[in-house]
Amino acid sequence: MSQAELQGKVALVTGASSGIGYAAAILLARAGANVAITYLHNQRGAEECAAEMKSCGVKTLMLQADFGETGQVAQTVKDVRDRLGPIDVLINNAGSLIKRARLLEITDKDWDAVIDLNLKSVFFCCQAVAREMMQRRSGVIVNVSSIAGRNGGGPGAMHYASAKAAVIALTKGLARELAAYNIRVNAVAPGVIDTPYHKNFSTPELIENFVKSIPLARMGTSEEVAQAILFLTTAASTYITGETIEINGGMMML
């Protein structure tokens, strides 16, 4: 891929202070895009990401936002538009399990928090960028789902898995509706990836058991997922829409 593949494009990557979002933002900047990133609590990580992107010679923007709050989604998109220009590439990466909880432990508040962050924010972020993409008849959206959306998730993750499964269905619905405007919508479904997610929510024993079920016998890296995200934003994937790329080392083969 040419380093200027996305030259002059404006990209928004949500949840980019660490892990997959961080890696995706860096690759987009290296490809020439001007990149806005969001973070919730990890300001230091976001600053490090922004500094690395700036070294690529592109414009960058760092915004604090809670994507569990619908109103902040629209405001974030407006801020990016006002400061960098209309968004050409949207990477919906913000999300979290928040906490593991079994069936009888999940409260209304738990359910709503996970659905709002992992599903509702994705829909409203897509809606916020779609109007201008439709007017320009161009745009790319990549939603980050999870292997949990395919297999129901690990222990205490069924609410998260439900949201991530819905992201896959939402991706297909968006792709169908927006294809007439030359807007492509795809998703990636990472498996067990070495990110802060598992440091926060998985015990070493749980991770060990996960890895035992992976044919490639290791966790994936954020960069490996980010490479697939980048592929879906470039001219190498112009006839792909409505698809979900499974990135799981063979843990699940569909």
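Preceding this paragraph is the structure being described.
Since we're looking at a predicted model, the values are computed, not measured. (Residues numbered from 1 in each chain as written. Predicted model: local features only at pLDDT ≥ 70, side-chain atom pairs only at ≥ 80, totals over all residues. Heavy atoms only, no water.)

A. Examining the packing of aromatic side chains more closely. Considering all chains together, one arrives at one aromatic pair under this definition. Seen from their ring centres, Phe-123 and Phe-124 are 4.9 Å apart, and the 85 degrees between their planes marks the pair as edge-to-face. A relative accessible area of 33% means that Phe-123 is categorised as partly exposed. (Phe/Tyr/Trp six-rings, centres within 6.5 Å; stacked < 30°, edge-to-face > 60°. Buried < 20%, exposed > 50% of the residue type's maximum accessible area, 1.4 Å probe, protein only.)

B. The arrangement of the packing of helix α3 (residues 70-84) against helix α4 (residues 108-136) in detail. Running from N to C, α3 and α4 point in directions that differ by 35 degrees, and their axes come no closer than 9 Å. Our pair here, α3 against α4, has a crossing hand that is right-handed. Together, Thr-70, Val-73, Val-77 and Arg-81 of α3 and Lys-120, Ser-121, Phe-124, Cys-125, Ala-128, Val-129 and Glu-132 of α4 make up the contact between the two elements. Taken together, the residues that form the contact of α3 with α4 break down as six nonpolar, two polar and three charged. (Axes fitted to C-alpha atoms, helices over the stretch in contact; angles between N-to-C directions. Helix = DSSP H or I, 4+ residues; strand = E, 2+ residues; numbered from the N terminus. Left-handed = near helix turned anticlockwise from the far one by under 90°. Contact = heavy atoms within 4.5 Å. Nonpolar A, V, L, I, M, F, W, Y, C, P; charged D, E, K, R; others polar.)

C. Region of the structure containing helix α9 (residues 222-233). Given a rise of 1.5 Å per residue, twelve residues ought to cover 16 Å, and the 17 Å separating the end C-alpha atoms of α9 matches this to within 8%. Listed as buried for α9 are Ser-222, Val-225, Ala-226, Ala-228, Ile-229, Leu-230, Leu-232 and Thr-233. The inward-facing, buried residues of α9 contact α1 (19-30), β4 (89-92), β5 (139-144), β6 (183-190) and β7 (244-247). (Expected span 1.5 Å × (residues − 1).)

D. Looking closely at the packing of α4 against helix α6 (residues 158-178). At their nearest, the axes of α4 and α6 sit 9 Å apart, and the two run at 15 degrees to each other. Looking at the two axes, α4 sits roughly parallel to α6. You can see that α4 and α6 cross each other, and the crossing is right-handed. Residues Asp-110, Trp-111, Val-114, Ile-115, Asn-118, Leu-119, Val-122, Phe-123, Cys-126 and Met-134 of α4 form the contact with α6, whose participating residues are His-159, Tyr-160, Ser-162, Ala-163, Lys-164, Ala-166, Val-167, Leu-170, Leu-174 and Leu-178. Grouping the amino acids of the contact of α4 with α6 by side-chain chemistry returns 15 nonpolar, three polar and two charged. (Parallel < 35°, antiparallel > 145°, perpendicular 65-115°, else oblique.)

E. Highlighting the sheet that holds β6. Read from one edge to the other, the open sheet built from seven strands follows the order β3-β2-β1-β4-β5-β6-β7, with strand pairing classed as parallel. Looking at the sheet topology across the chains shown, the edges are occupied by β3 (60-64) and β7. Averaged over all adjacent pairs, the angle separating strand axes in this sheet is 15 degrees, with direction ignored. Relative to β6, β5 runs parallel, the two sharing six bridges. Bridging across to β6, Asn-143 finds its partner in Ala-187. Its contacts with the sheet put α3 on β1 (10-13), β2 (34-39) and β3, and the angle it makes with β3 is roughly 155 degrees. Contacting β1, β4, β5 and β6, α4 runs over the sheet at an angle of about 175 degrees to β4. (Pairing = 2+ DSSP bridges.)

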